[in-house]
Amino acid sequence: MIVGLDVGGTTIDIVAIENGKVVASKKFERGESLIDSVLESLTQFISKEMISNLEKITLSTTITTNAIVQNNLDKVGMIIENGIGANPEFLMCGDMNFFADGYINNRGIEVKPVNIESVKSTLQNFKQEDIENLGIVGKFSVRNPQHELYIYEVAKEYNFKFVSVGYKLSGKLNFPRRVFSTYLNCAVYSTFNMFYKSILTFSQERKIPLEKIFVQKPDGGIVNLHNIECFPIFSILSGPAASAQGGCVLSNFVKNAIIIDIGGTTTDIAFLSNGNLVLEPYGAKIGKYPTLVRAIYSRSVGLGAESIVKIVDDTVKIGPETKRWYEKGKNDFITFYDVLQFSNSYHENPINAGLKSLSTQLNMSQEDFCKLVISRAAAMIEEKIKEGIEFINNLPVYTINKFLYGEKFVPQKIILIGGPAQLLKPHLENELKIKVEVPKHYMVANAIGCAVGSISKEYNLVADTIQGKMVIPELNIYQSIPADFTIDQAKKFLIEKVLECREAKNQDDVEIVDESSFNMIRSFKFCGRMIKIKAQLKPKLLNLRD
Amino acid sequence: MLKAKNSLELILFPAFDWRISPTHPEREERLLYTIDQIEEEGLFDYENIKIYNPEMIDSKYIEMTHFCIPAISSIVTVSHEIAAGSAITIAKKVLSKEVEKGFALIRPPGHHAHRVTYGDRGFCIINNEAIMVEYLRKEYKIKKIAIIDTDCHHGDGTQDIFWNDKDVLFISLHQDGTTLYPGTGFTDEIGGPSAIGYTLNLPLPPYTSDEGFLYCLDNLIIPVLEEFKPDIIINSAGQDNHYSDPLTNMNFSAQGYAKLTEKLSPNISVLEGGYSIESALPYVNLGIIFALAGIDYSNIKEPDYNPERFTQPQRISDYIKRLCEQVYSIWKSKEEREYKIKMGNQDYYFRKKSIYYDTMGFREYQLEKIKICKKCSGLISIDSFCLGYRVFAIVIPYDACNDCQNEGHRLFENTEVGDYSHVLLQDKKNFEFFRKPL
Ligand SMILES: [Zn+2]
Ligand SMILES: [Zn+2]
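Everything numeric here is computed off the predicted structure, so don't read it as measured data.

Definitions and cut-offs
Residues numbered from 1 in each chain as written. Chains lettered and ligands numbered in written order. Predicted model: local features only at pLDDT ≥ 70, side-chain atom pairs only at ≥ 80, totals over all residues. Heavy atoms only, no water. Helix = DSSP H or I, 4+ residues; strand = E, 2+ residues; numbered from the N terminus. Rg over C-alpha atoms; globule rule 2.2 N^0.38 Å. Buried < 20%, exposed > 50% of the residue type's maximum accessible area, 1.4 Å probe, protein only. Contact = heavy atoms within 4.5 Å. Areas by Shrake-Rupley, 256 points an atom, 1.4 Å probe, with all protein chains shown as cover. Lys, Arg positive; Asp, Glu negative; His and termini not counted. Charge placed at Lys NZ, Arg CZ, Asp CG, Glu CD. Donors = N, O, S within 2.8 Å, 3.2 Å for Na, K, Ca; no water. Tetrahedral: all angles 85-135°; square planar, octahedral: opposite > 155°, others 65-115°. UniProt positions renumbered as here; feature names shortened; annotations may be inferred. Patch = residues over 30% accessible without salt bridge, like charges linked within 9 Å, V, L, I, M, F, W, Y side chains within 5 Å. Salt bridge = Lys/Arg side-chain N within 4 Å of Asp/Glu carboxyl O. Axes fitted to C-alpha atoms, helices over the stretch in contact; angles between N-to-C directions. Parallel < 35°, antiparallel > 145°, perpendicular 65-115°, else oblique. Nonpolar A, V, L, I, M, F, W, Y, C, P; charged D, E, K, R; others polar. Pairing = 2+ DSSP bridges. pLDDT = per-residue confidence, 0-100. Polar contact = N/O pair within 3.5 Å; in protein donor to acceptor, adjacent residues only side chain to side chain. Buried area = accessible area lost by both parts, 1.4 Å probe. Core = buried A, V, L, I, M, F, W, Y, C linked by side-chain atoms within 4.5 Å. Phe/Tyr/Trp six-rings, centres within 6.5 Å; stacked < 30°, edge-to-face > 60°. Lys NZ or Arg CZ within 6 Å of the ring centre and 35° of its normal.

## Here we look at the overall build of chain B
For chain B, the count of helices and strands is 12 helices and 16 strands. A globule of 438 residues ought to have a C-alpha radius of gyration of about 22 Å, and chain B, at 21 Å, matches this closely. Taken over 438 residues, chain B has a buried fraction of 67%. Sequence separation of 24 or more characterises 73% of the internal contacts of chain B that already satisfy a separation of 6 or more. For chain B, the exposed surface amounts to about 14,900 Å²; the carbon and sulfur share of it is 49%. A gap of 7 Å separates the mean positions of the 47 positive and 63 negative side-chain charges of chain B.

## Some thoughts on the coordination of the zinc ion (ligand 2)
Each pair of donors in an ideal octahedron of six around a metal sits at 90 or 180 degrees, and each pair in an ideal tetrahedron of four sits at 109.5 degrees. Within the protein, the zinc ion (ligand 2) binds to B:Cys373 (SG), B:Cys376 (SG), B:Cys401 (SG) and B:Cys404 (SG); these donor distances fall in the range 2.2 to 2.3 Å. Each of the four donor atoms bound to the zinc ion (ligand 2) contributes to angles spanning 100 to 115°, and the resulting shape is tetrahedral.

## Thoughts on the UniProt feature "domain: Hydantoinase/oxoprolinase N-terminal" (unreviewed entry) in chain A
In the numbering used here, UniProt assigns the "domain: Hydantoinase/oxoprolinase N-terminal" (unreviewed entry) feature to residues 3-158 of chain A. Annotated as residues 3-158 of chain A, this span is 31% helix and 31% strand, and its ends, taken at the C-alpha atoms, are 42 Å apart.

## Notes on a nonpolar patch on the surface
Where nonpolar side chains cluster on the molecular surface, the patch consists of A:Leu404, A:Tyr405, B:Met56 and B:Val78 and spans about 360 Å² of accessible area. The residue A:Leu404 is located in helix α12 (residues 400-405) in this model. For A:Leu404, a relative accessible area of 33% gives the class partly exposed.

## Some details on the coordination of the zinc ion (ligand 1)
Residue and element names in this part refer to chain B. Distances from the zinc ion (ligand 1) to its protein donors, namely Asp151 (OD), Asp151 (OD), His153 (ND1) and Asp240 (OD), fall within the range 1.9 to 2.8 Å. As a motif over one chain, the donors of the zinc ion (ligand 1) read D-x1-H-x86-D. Here His153 is found in the loop between β6 (145-149) and α6 (156-161), whereas its partner Asp240 is found in the loop between β9 (232-237) and α8 (254-264), with 87 residues between them in sequence. Exposure class is identical for His153 and Asp240. Each is buried.

## Comments concerning the packing of helix α7 (residues 210-228) of chain B against α8(B)
Residues and elements named next belong to chain B. Interaxial distance between α7 and α8 falls to 10 Å at its minimum, and their mutual angle equals 10°. With respect to each other, α7 and α8 are oriented roughly parallel. In this structure, α7 uses Asp210, Phe213, Leu214, Leu217, Asp218, Ile221, Ile222 and Leu225 to contact α8, whose residues at the interface are Gln255, Gly256, Lys259, Leu260, Lys263 and Leu264. A breakdown of the residues in the contact of α7 with α8 according to their chemical character gives eight nonpolar, two polar and four charged.

## Focus on the sheet that holds strand β28 (residues 525-537) of chain A
Here we have five strands laid out as an open sheet, ordered β26-β25-β24-β28-β27 (chain A), and antiparallel in their pairing. If you trace the sheet from one side to the other, it starts and ends with β26 (477-480) and β27 (510-522) of chain A, each paired once. When the angles between neighbouring strand axes are averaged without regard to direction, this sheet yields 10°. Running at roughly 45° to β28(A), helix α1 (residues 32-41) of chain B makes contact with β27 and β28 of chain A of the sheet.

## Some thoughts on the confidence of the model for chain B
Overall, the prediction assigns chain B a mean pLDDT of 93, with 98% of residues at 70 or greater. Reported for the predicted complex are a pTM of 0.89 and an ipTM of 0.89.

## Details of the side chain of A:Asn224
Residues and elements named next belong to chain A. Locating Asn224 in the fold gives a position in strand β12 (residues 222-224). Judged by relative accessible area, which is 11%, Asn224 ranks as buried. A polar contact is formed between the side chain of Asn224 and the backbone oxygen of Glu211, at a distance of 2.8 Å. The residues touching Asn224, leaving out its near neighbours within four places in the chain, are Leu210, Glu211, Lys212, Ile213 and Phe214.

## Thoughts on the interface of chain A and chain B
Counting from both sides, the interface comprises 48 residues of chain A and, opposite them, 47 residues of chain B. Taken over both partners, the interface formed by chain A and chain B buries close to 4,000 Å², and the fraction arising from carbon and sulfur atoms is 57%. For the interface between chain A and chain B, the tally reads six salt bridges. For B:Asp36, the salt bridge identified is with A:Lys532, shortest N-O distance 2.8 Å. Summed over the shared surface of chain A and chain B, the number is 20 residue pairs in polar contact (both at pLDDT 80 or more).

## Thoughts on the UniProt feature "domain: Hydantoinase A/oxoprolinase" (unreviewed entry) in chain A
The residues that UniProt annotates with the feature "domain: Hydantoinase A/oxoprolinase" (unreviewed entry) are residues 178-323 of chain A. Secondary structure content for residues 178-323 of chain A is 27% helix and 30% strand, and the end C-alpha separation is 38 Å.

## Remarks on the packing of helix α10 (residues 314-332) of chain B against helix α11 (residues 334-343) of chain B
All names here are of chain B. Packing of α10 against α11 leaves a shortest axis separation of 5 Å and a crossing angle of 55°. Between α10 and α11, the crossing angle belongs to the class labelled oblique. Contact residues: α10 offers Ile330, Trp331 and Lys332, while α11 offers Lys334, Glu335 and Arg337. Taken together, the residues of the contact of α10 with α11 sort by class into two nonpolar, no polar and four charged.

## Focus: the nonpolar core
With 103 residues, the main nonpolar core has A:Leu123, B:Ile49, B:Phe103, B:Leu169, B:Leu202 and B:Ile221 as its most contacted residues. Top contributing element to this core by residue count: helix α9 (residues 281-293) of chain B, with 10 residues. Ranked by size, the runner-up nonpolar core spans 65 residues in total, among them A:Phe403, B:Phe67, B:Ala104 and B:Ile125.

## Side note on the sheet that holds strand β5 (residues 76-81) of chain A
Residue and element names in this part refer to chain A. In spatial order, the strands read β6-β5-β9-β10; together these four strands make up an open sheet with parallel pairing. In the strand order of this sheet, the two ends are held by β6 (96-99) and β10 (162-165), each with one partner. Neighbour-to-neighbour, the strand axes of this sheet turn through a mean angle of 15°, independent of strand direction. Bridge count between strand β9 (residues 133-138) and β10: four bridges; the pairing is parallel. In the strand pairing of β10, Ile136 is matched with Val165.

## Notes on the packing of aromatic side chains
By the definition in use, this model includes 27 aromatic pairs over all chains. Consider the rings of B:Phe412 and B:Phe434, whose centres lie 6.1 Å apart with planes at 50°: the pair is tilted. One end of the pair, B:Phe412, is in helix α12 (residues 402-414); the other, B:Phe434, is in strand β16 (residues 432-435), and 22 residues separate them in sequence. For B:Phe412, a relative accessible area of 6% translates into the label buried. Taken together, A:Phe271, A:Tyr297, A:Phe391 and A:Phe409 form an aromatic cluster joined through their ring pairs. Over the ring of B:Tyr357 we find B:Arg121; its NZ or CZ atom is 5.8 Å from the centre of that ring. The ring of B:Phe412 has B:Lys436 lying over it, and the distance from NZ or CZ to the ring centre is 5.5 Å.

Have a look at this one:
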């Protein structure tokens, strides 16, 4: 049995899945303390019998995201080796920042050594200012982490509570994002650690081994709670990933689709292209920080069941303000949910007073007014869908082959999930002129998406035969290669290493998503090859049969 | 998110799967390090720096710009078509005001491609900027265009195409033709009878450094641009003036390129040459992008850059000063010179050319005949001989008077295919292309 838990804006949803069937699901109200609510709902939901055949529990929580948004963060000192490029001032995200002298270039060659004396005195300063968490980031460190590691070794003597080095967070190039990701990874350390410890206690009390507890990542993949301790940043923004994944597994398979999750306050839109959820090119953006944390690409609209409908300057406006149903007092406002309900049944109910007042303001019948509200809502959603389609179809292509033969993304259907999905379905179908499917269990699709997540990861191999070096930052591999090393050898090596680390069970789980090999010419002579390979663990989504 | 001062569109099309030959300098690796540097710099994250994919070019624009011999399909590769298409995508976004500036980082380049083209010259087959100009005129009715060519090689193809076109001001800064391919671009090449002074060449001595380039900009290019008042400025942004370029002998740096770009402030830049792919291109391209976007570029320096190594000798500075004065006087006397020609008793202006195709090792012989017309810039006809082909090509200019237009069509009708392998006509006024069947 697998259990998935998703913390939403207002509820905590939990499901249990066994043999491809949803066997139990429940929604809990969210209380004051998030951690308490999570533990409380887990305790209530997971019975003794469940524990005996429990395979895994996956948690998707907003705890680190909230900490960032609410600026509830640890003090962080940053050592940044910015090298050549933009003026680095905008990278000063830490509470204290130091720009170290030194440079490694795009091929991973040291151009200028790091000035360690100035680093040492900076570390001393950080300690004097009570900074406990340290981030170390260098430009092009994923091509050669030697400078980051050197500083890391030196920093050990200063006994920081938590130290994070940039190259370990992602193998992708993007220095500002590497700096911000490293900073955030340090800044959410205490918050995540609190959560980590509570779950640890819970698992010990309930005799659930820690190996069975996973956290959902924003790319839809999952990571064992134990392995994420050094990477708390990977627990951010998992909500949209959970819902997108839930939508995918619950519906009948198609290659291209749009997954829309309509919640209480927002609607999240994700895209399934060529059978895969579309990812952000570099990573998630969280608060004001762009990061390298792998994440699914999603668009969000401030429109949900609880969005208030009002009239501003003679036009209908929906959201982004919201009201909960129990906050409703004198029928002086209506929500989008009220409108949907009225349109589907037209029955007399207490909302009619509010509806009447709004429709009279526009000289309309209540029916026409509701139609107007719904078409306005559909237009808001459609705008974001268009943005997404444009984004996907404009992802950069670097080869003639892809330019000429790359397929354009055209969605075959919309998969609609979330509380008001059934009510919205006919209208959306009608307004957007596309097939809309509301799958079974649409109410708890997020938790299902969380439960079915599998380990997902990306690997970036770069081999340079002139230097005789190869790097795979994600596997911490930096080693020499012979001068006649080829792309096929590189692919074979990468797959072997992934298997060795037991991150994949067999060869078929590793998919090469991008590969290139460039001849390097110096003085008109061939003198080596630059080989680049990008691989990923194929996400293995469970197929639900009911 | 970061925001740049100017919104900027980039087309990054490295054509990673295309090359001329395995060890050719214009190769797949050329933009590899630049893309690394751009990615690591996080340029894709500026909210007003947008990356677009190119589009495929409509071959109509190629045939309105070039006479491709024996045919477009037999000499133009997909890669060239995409590069030219990129120039058009850039033009669209800038002209529709979607972005303020555009930079096409594409390969292969195009500025050595002449009006008549038999194939590859200096890695160019079709002229990306010239095709873009054709598009700008047709779709946006742009009248006055300035093309500033800062590639180290003389932009002889672009010069050829706009030789007799007063609406296109062409200025080329390059390493002196006595020391570098293609061997042209001297100060006395100043344009055809109706566009005298609208082609300006600044042949610079080897080892000119930042100082010399910026001097030309301040003392010639900017003043001329201020007087010409173009509706759009295009930069043929070749990067082979760099001190580390293996094919040339200049001493320009990334800081110099950035300053030049900032001062020139082109609406559109199109990458031309630049073969120091590892030591120069990543930094030069970054510098140009930052300068176009209005981002502080003071921290962009080549890792090995040492300004003292590149102090410009006094004799070079003196020479450049004289050069700018001389070229400026050409610009100043252009009306007078044109008047003299038009008032003389000459009916035609002839230009005899021998064009060497370095990549392929053959030569074209050409006689160009321009009618001296008092009402328009004049009908052009070209008699070209190369690779066993004999081509008769007629160009009716945009501003053609009725006489010249009719004469062009008559000439086309009356020329027998038997004498020529190709009889071709570009009617630029009506945007039409004609070819006599073989
Ligand atoms: Zn050049
Ligand atoms: Zn005329």
